[in-house]
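The residues making up each chain are set out below.
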Amino acid sequence: MSLDPLHALQAANRAVMPVASDAFGTLLVAGATGALGAELLRRLAGSHRHAHTRVLAREPIRDGLRGVETCLSPAEPIAQWPLTSAHTAIVAFDPPRLYHDRERALWVPEPADLPALARWLRASGVQTLAIVQPHDQGRLPEALKHGLASLDEQAVVACGFERVILVRSARKPVNAKFANPLERLAAWMLSIVRFMVPSSEQPVRASKVAELVDVALRIAPPGVHVAAPELVWQAAQGQQMQVVAERWLGTRPQQR
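Residues numbered from 1 in each chain as written. Predicted model: local features only at pLDDT ≥ 70, side-chain atom pairs only at ≥ 80, totals over all residues. Heavy atoms only, no water.

Caption draft 1: Up close: the pairing of strand 4 (residues 88-92). Burial analysis of strand 4 places five of its five residues in the buried class, which makes it a mostly covered element. Burial of the side chains of strand 4 extends over both faces: T88, I90 and A92 are buried on one face and A89 and V91 on the other. As paired elements, strand 1 (residues 26-30) and strand 4 share four bridges and run parallel to each other. The partner of L28 across the bridge, within strand 4, is A89. Two strands pair when backbone bridges link them, and strand 4 and strand 5 (residues 128-132) are joined in this way by five bridges, in the parallel orientation. Opposite T88, over in strand 5, you have T128 as the bridge partner. (Buried < 20%, exposed > 50% of the residue type's maximum accessible area, 1.4 Å probe, protein only. Helix = DSSP H or I, 4+ residues; strand = E, 2+ residues; numbered from the N terminus. Pairing = 2+ DSSP bridges.)

Shown next as structure tokens:
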């Protein structure tokens, strides 16, 4: 069942759940759209580990959600946005589902926005940045799976965050429109390759990706941590999420 991120939060906040005494800072979410963004928002805002949760939006959303606010993104370039205040930020690249009206109101980051967005987040006080970057299954070069995949990601790291967590989750190829029969034929022939993709590079449920991000935010030490698609798949199998995350991050869980 697909989730409307703000409806999910509204349902989660109907119960009387006081903010824990050890809740800290503000969580800022950019890209709370699609199945993945909705799951990230539902899980992390619902945990009440942060005193406040803000969602970047293009226009106001009046829902009166307890502890959840919209942070308006002006129409100007990101470098001209007024600074906000946050401790932790999540950037998810998941296109909005246009049949969800609220997702149309949310701000959707594009990959090209990442360097400027990272600089704005760092200037706003963000110490921990998690980036969830889906890739078409089987298409990410082996050399880029476990390290920084672009100059943009290097620019993010250079901003000086205490922790940068990059999660490379596999996704199904998006449906494309073709201009002529030859393009359709070529696409069909390439689609056969999907059956040759190892199971460890197959997409996993959005809820499992969100769970891995949640665990990483809790236990990751300072530094840059990159989760390859194979690790995301492994973490989603059975009940080994915590074990796989500890092995990946080289640490034992520490409660914040």
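Back to the text.
Caption draft 2: Fine view of the nonpolar core. Counting 41 residues, the largest nonpolar core has L40, I90, I165, L212, V213 and W248 as its most contacted members. By residue number, the principal contributor to this core is helix 7 (residues 206-219), which donates nine residues. Setting aside chain neighbours within four positions, we find W248 in contact with I165, L212, A216, H225, V226, A227 and L231. Among the nonpolar cores identified, the runner-up in size contains 24 residues, and V91, F93, L117 and V126 belong to it. (Core = buried A, V, L, I, M, F, W, Y, C linked by side-chain atoms within 4.5 Å. Contact = heavy atoms within 4.5 Å.)

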